Amino acid sequence: MNLEPLEGGGFVAGFRDRAEALALAEELTHARGFVDVLRAQTHEYQNRLHVLSGLLQLDRSEEALRVLNAEIHADAQFRQLLRDVQVPRLVALLAGKRERAQELGIDFQITEGSHLGPHWERHADTLVSAVGNLTENAFEALAGQPGLVTVTVGEDPDGMQVEVEDSGPGVAETLRDTLFNRGASSKGEGRGYGLHGVHARVQGLGGTLRHTRRGPLTVFQLSLPQPLPHRPTDPAEVTA
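What you are looking at is a predicted structure, and each value in this text was computed from that prediction instead of being measured.

A.B. asks: Would you take a moment to explain the overall build of the protein chain for this structure?
C.D. replies: On a plain count of helices and strands, the protein chain comes out with 5 helices and 7 strands. Overall, the protein chain shows an N-to-C arrangement of helices and strands of β-β-α-α-α-β-α-β-β-α-β-β. Buried positions account for 35% of the 240 residues belonging to the protein chain. For the protein chain, the share of sequence-separated contacts (at least 6 apart) that also reach a separation of at least 24 residues comes to 65%.

Put into structure tokens, the structure is as follows:
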């Protein structure tokens, strides 16, 4: 609530839904998350350059070359795993999350054989929001401890599927039935709107979002039906 005094007495009261304010705060949190990804990339590359520079200054050029080749090989392997995911913004997000995971000391993997056709580009905003949210939640679930986060992307005639697995402790028992409700979170005030927003967007496209345990792993599964084909505009429907 906001109160503004009026000349001559009285006030104008303005009211805003608290949930809306918290949802905006959650969006800002995720925007900062993308900034963190970019910062992590810069930080990691600076570290690598410092290592190479130090080795060269010590006249250990052969070791510098081995380090450089190892980095090139690891990067090529990661990009090879994403070669059949033909949604550029999703690939860019996953590449950034890999750098973020390295900074956090997390083993971040893409399942071999992951693939996605270019027609899913029309849902890129939803995919980036969903996968970005799920991977960041997986990082947070590890609470600064070493662990594993694995992303699997695929499609079949019925639609597309994404799985995000982590080796964290799992969703708290008290939240399992309400996890996708607005404001449901164990992370404190002002949290719990990211998953709710993702769930709403996914449902709006006719998809599903659910979580389960698979042995020691927590798994979030996102499914979307095949997008409807674009309907060409009928000239007869165009009016002046």
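A.B. asks: Explain a nonpolar patch on the surface here, please?
C.D. replies: Together, Met-1, Leu-3, Phe-11 and Phe-15 line one region of the surface with nonpolar side chains, adding up to about 550 Å² of accessible area. A relative accessible area of 70% places Met-1 in the exposed class.

A.B. asks: I tried to follow the side chain of Thr-135 on my own but got confused; where do I start?
C.D. replies: Locating Thr-135 in the fold gives a position in helix 4 (residues 124–141). Residue classification places Thr-135 among the buried residues on the basis of a relative accessible area of 0%.

A.B. asks: Would you explain unusual backbone geometry in this entry?
C.D. replies: Generally, phi is negative for residues other than glycine and the peptide bonds are trans, each holding for most cases. Phi angles above zero are rare outside glycine, and Asp-59 is one such case at about 60 degrees. Residue placement: Asp-59 occurs in the loop between helix 1 (18–57) and helix 2 (61–81). The phi dihedral of Ala-143 is positive, around 50 degrees, even though this residue is not glycine. A relative accessible area of 60% places Ala-143 in the exposed class.

A.B. asks: It is not clear to me how the sheet that holds strand 7 (residues 217–225) should be interpreted in this structure. Could you clarify?
C.D. replies: Within a sheet, neighbouring strands are paired by backbone hydrogen bonds and run either parallel or antiparallel to one another. With mixed pairing, 5 strands are arranged side by side in an open sheet as 3-4-5-7-6. In the strand order of this sheet, the two ends are held by strand 3 (107–110) and strand 6 (208–214), each with one partner. Put simply, the sheet's adjacent strands are angled 15 degrees from each other on average, direction ignored. One ladder, built from 4 bridges, connects strand 3 with strand 4 (residues 148–156); its direction is parallel.

A.B. asks: How should I be thinking about helix 3 (residues 88–104) in this particular structure?
C.D. replies: Residues lying three or four places apart along an α-helix face the same way, a consequence of the helix completing one turn every 3.6 residues. Taking 1.5 Å of rise per residue, the 17 residues of helix 3 would be expected to cover 24 Å, and the 25 Å separating its terminal C-alpha atoms lies within 8% of that figure. Along helix 3, the positions that sit buried rather than exposed are Leu-90, Leu-93, Leu-94, Ala-95, Gly-96, Lys-97, Arg-98, Glu-99, Arg-100 and Ala-101. A positive backbone phi angle near 75 degrees is found at Gly-105, which sits one or two residues after helix 3.

A.B. asks: What is the right way to look at the pairing of strand 7 in this model?
C.D. replies: A regular strand places its side chains so that they alternate between the two faces of the sheet. Taken across its 9 residues, strand 7 has 7 buried, putting it largely inside the fold. Pairing of strand 5 (residues 159–166) with strand 7, which is carried by 8 bridges, proceeds in the antiparallel orientation. Paired with Asp-166 across the strands is Thr-218, a residue of strand 7. Alignment of strand 6 against strand 7, held across 7 bridges, turns out to be antiparallel. From the neighbouring strand, Arg-214 faces strand 7, where its bridge partner is Leu-217. The turn joining strand 6 and strand 7, which pair antiparallel and follow one another in sequence, is formed by 2 residues; a positive phi near 65 degrees is taken by Gly-215.

Calculation criteria
Residues numbered from 1 in each chain as written. Predicted model: local features only at pLDDT ≥ 70, side-chain atom pairs only at ≥ 80, totals over all residues. Heavy atoms only, no water. Helix = DSSP H or I, 4+ residues; strand = E, 2+ residues; numbered from the N terminus. Buried < 20%, exposed > 50% of the residue type's maximum accessible area, 1.4 Å probe, protein only. Contact = heavy atoms within 4.5 Å. Patch = residues over 30% accessible without salt bridge, like charges linked within 9 Å, V, L, I, M, F, W, Y side chains within 5 Å. Areas by Shrake-Rupley, 256 points an atom, 1.4 Å probe, with all protein chains shown as cover. Salt bridge = Lys/Arg side-chain N within 4 Å of Asp/Glu carboxyl O. Pairing = 2+ DSSP bridges. Axes fitted to C-alpha atoms, helices over the stretch in contact; angles between N-to-C directions. Expected span 1.5 Å × (residues − 1).

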